[in-house]
Amino acid sequence: MTIMKLILYKRNNILKIFSNIRIHARTVAQEHFSSGTTKMNTPINAYYNHYINLALPKDKILATYVWIDGSGINLRSKDRILERVPCDLTMVPKWSFDGSSTGQAKTHDSDTMLIPCAIYRDPFRKSPHIIILCETFHGDGKPTATNHRAHCANVLSRISDQEPWFGIEQEYTMFDTDMWPLGWPKCRGFPVTKSKFSYCGNGENIAGREIVECHARACIYSGMDYGGCNAEVMKGSWEYQVGTTLGIKAADDLWVGRYILNRIAEHFSTIISYHPKPMGKHQPGIGCHHNFSVKKMRDDGGLAEIERVSKILCDKHMEYMNSYGLGDGTENKKRLTGKFETASFDTCKWAVADRGASVRIQRGVMLKGKGFLEDRRPAGDCDPYRVCALLADTCLN
C-alpha cells in the first residue's frame, strides 16, 4: 500500500468514527456551577423538567408548611394539598407533625400542632402555590421551647400604638460539600486576598454570587419585604436585608428568607451556615444586626428617645446577650472580640457612627435629631423573634 493510499485509508476510518458520534447541543451554564475554585456538575434532568411542568387542576394548590424545629435554627417543611388559594390565614387549615422526630416532643406524646401565621408565594413551584410559615404548639396549647414568635407577638401587641419598625441584616456563609467555604483554596487553604476586599466586592474577591442572585429574586417573588444584599467581609459570606417593616413581619420574613436560601442552596450542592464564627478567630464573624425604632424616635426630637433606649440596652447587656444567639448565645462570644468591627462580649457601649459599638446610631440620625438605632450584638444564628421582643420591651417602661 502506497503512502498516499494509507493516508486516505486512515482518513476515511476517522471520518466514519466521527460520523457515528451524536452531538447534543447543551447549555454550559446549565451543566456547571462555578464559585471560585469549586466546580460542581448538575446535569439537566429532562424527566424532572417534564413532571415539574405538568399542568395541575385549578383546585389543587400545593401548600408547603414551614416551621422552626427543636434546634432553634433548622427549618422543617411538609406539603399539603389545598382546594383553593387562601385569601387569609383563616382559610389555611391547622396541621400537626411528629414532634419527637424534630426534637420538640417526647415519643409517648409526639403530636405537635402547626398553627399558620404567615402566607407567602412559592418561588419554587410558583403561583398559585404557597409557603405557610407556622408556629409550633404542644397538644396542651403551650408553645414549644423554640417557638419564640408567640411571646414576640404578645410584646409587640402591647406597643402597637407606638408603631414599632424593624429592619434586619442577615449575614451567612456558603460552604461547599467538603465543609470549606466557597471560593477558598480546596487544599484547606485560606483566601489569598485580604478580607477587606471581599466586602461589597466583585470578581476574584467574592464567591457564590449565582446563589445570591437566585435568592434575591425568589424572596421578592415570595412577598417578603426584601431590602437588598451585599457580599460580606469574609470571602464566601454574604448578607441580605429585610424591612424596614412594621411589627412582626420583619422577623417572619427573615425566617422565610432562611428557608428559601436553604432550598436554593440544594440546587447548587452548597451548605448555608449562620454560625457566628465559622472559620476561627482570625477570620470575620457572622452577625444579624437589628435596626429598631418607634414613632417617638422617628418624630422631631426623637434622638432623646433613641439615646434612652440605647442606655437601657447597655444596662441590660448581659441579660440580653443570653438571647442574642442560638440557645444561650455562648457561640456569639467567639464573634464579639472587639475585632472585625465588633464590640467586646463582656462590655456594652453605644456611640455615633462607630461600627465597633454594641449599639450604633448613624451619623445621619444624629444630624436629623431623629430616626432609629442599630443593635449590632445579635449573632448570625439568633432567633429574630427573641431579639425583636427584647428591643420592643425597652419601650414598655
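Residues numbered from 1 in each chain as written. Predicted model: local features only at pLDDT ≥ 70, side-chain atom pairs only at ≥ 80, totals over all residues. Heavy atoms only, no water.

A. Layout of a nonpolar patch on the surface. Taken together, Tyr47, Tyr51 and Leu54 make up a surface patch of nonpolar side chains, about 420 Å² in accessible area. Position of Tyr51 among the secondary structure elements: in helix α3 (residues 46–52). Classification of Tyr51 as exposed rests on a relative accessible area of 56%. (Patch = residues over 30% accessible without salt bridge, like charges linked within 9 Å, V, L, I, M, F, W, Y side chains within 5 Å. Areas by Shrake-Rupley, 256 points an atom, 1.4 Å probe, with all protein chains shown as cover. Salt bridge = Lys/Arg side-chain N within 4 Å of Asp/Glu carboxyl O. Helix = DSSP H or I, 4+ residues; strand = E, 2+ residues; numbered from the N terminus. Buried < 20%, exposed > 50% of the residue type's maximum accessible area, 1.4 Å probe, protein only.)

B. Layout of empty space enclosed by the protein. Counted under the stated rule, the structure contains two cavities of 30 Å³ or more. Taken as a whole, the largest cavity spans an internal volume of roughly 70 Å³. What lines the largest cavity is simply Trp67, Ile68, Cys117, Leu133, Cys134, Glu135, Thr136, Thr146, Asn147, Arg149 and Tyr385. For the lining of the largest cavity, the secondary structure elements donating two or more residues are β3 (61–68) and β7 (130–137). (1 Å grid on protein atoms, 1.4 Å probe; cavity = no way out; pocket = protein on both sides within 12 Å on 5 of 7 lines; lining within 4 Å. Points joined across faces, edges and corners; volume = space filled by probe spheres on them.)

C. Up close: the state of the cysteines. The tally for this structure, following the rule as stated, stands at one disulfide. Disulfide pairing is shown between Cys314 and Cys348; the S-S distance is 2.2 Å. Between Cys314 and Cys348 the disulfide shows an S-S torsion of about -65°. By sign, it is left-handed. Note that Cys314 is positioned in helix α8 (residues 303–315) and Cys348 in the loop between α10 (332–335) and β13 (350–352), a separation of 34 residues in sequence. Classification of Cys314 by relative accessible area gives buried; the value is 15%. The class of Cys348 is partly exposed, set by a relative accessible area of 22%. (Disulfide = S-S within 2.5 Å.)

D. Expanded view of the layout of surface pockets. Considered as a void within the structure, the second largest pocket measures approximately 500 Å³ in volume. As for the second largest pocket, its lining consists of 26 residues, and the residues nearest its centre are Glu171, Glu232, Val233, Glu341 and Arg376. Every element with two or more residues in the lining of the second largest pocket is listed here: β8 (165–175), β10 (237–246) and β12 (288–293).

E. How the structure looks around the confidence of the model for the chain. Mean pLDDT over the chain works out to 88, with 88% of the residues at or above the 70 mark. Scored below 50 in pLDDT, residues 21–40 makes 40 contacts in the model with residues more than four places away or belonging to other chains. (pLDDT = per-residue confidence, 0-100. Contact = heavy atoms within 4.5 Å.)

F. Geometry of the pairing of β10. Of all 10 residues that make up β10, seven are buried, and the element is covered over most of its length. Relative to β10, strand β9 (residues 226–231) runs antiparallel, the two being bridged by five bridges. For Cys229, the partnering residue across the bridge sits in β10 and is Tyr240. Between β9 and β10, which pair antiparallel in sequence order, lie five residues; one of them, Gly236, sits at a positive phi of approximately 95°. (Pairing = 2+ DSSP bridges.)

G. Representation of the packing of helix α5 (residues 209–222) against helix α6 (residues 249–267) in the model. At a closest axis distance of 10 Å, the pairing of α5 and α6 adopts a crossing angle of 135°. The orientation of α5 relative to α6 falls into the category oblique. Relative to α6, α5 is oriented so that their crossing is right-handed. For the pair α5 and α6, the contacting residues are Ile211, Cys214, His215, Ala218, Cys219 and Ser222 in the first and Gly257, Ile260, Leu261 and Ile264 in the second. Looking at side-chain class alone, the contact of α5 with α6 contains seven nonpolar, three polar and no charged residues. (Axes fitted to C-alpha atoms, helices over the stretch in contact; angles between N-to-C directions. Parallel < 35°, antiparallel > 145°, perpendicular 65-115°, else oblique. Left-handed = near helix turned anticlockwise from the far one by under 90°. Nonpolar A, V, L, I, M, F, W, Y, C, P; charged D, E, K, R; others polar.)

H. Highlighting a negative patch on the surface. A contiguous patch of negative charge on the surface is contributed by Asp98, Asp109, Asp111 and Asp140. Its place among the elements puts Asp109 in the loop between β5 (95–98) and β6 (111–121). Note on Asp109: relative accessible area 52%, which makes it exposed. (Lys, Arg positive; Asp, Glu negative; His and termini not counted. Charge placed at Lys NZ, Arg CZ, Asp CG, Glu CD.)

I. Region of the structure containing the sheet that holds β7. What the five strands build is an open sheet, ordered β4-β3-β7-β6-β5; its pairing is mixed. Each of the sheet's edge strands pairs with one partner strand only, and the pair in question is β4 (75–82) and β5. Adjacent strand axes in the sheet meet at a mean angle of 40° when their direction is disregarded. The pairing of β3 with β4 spans eight bridges and is antiparallel. Following the sheet pairing, Ile68 is matched in β4 by Leu75.

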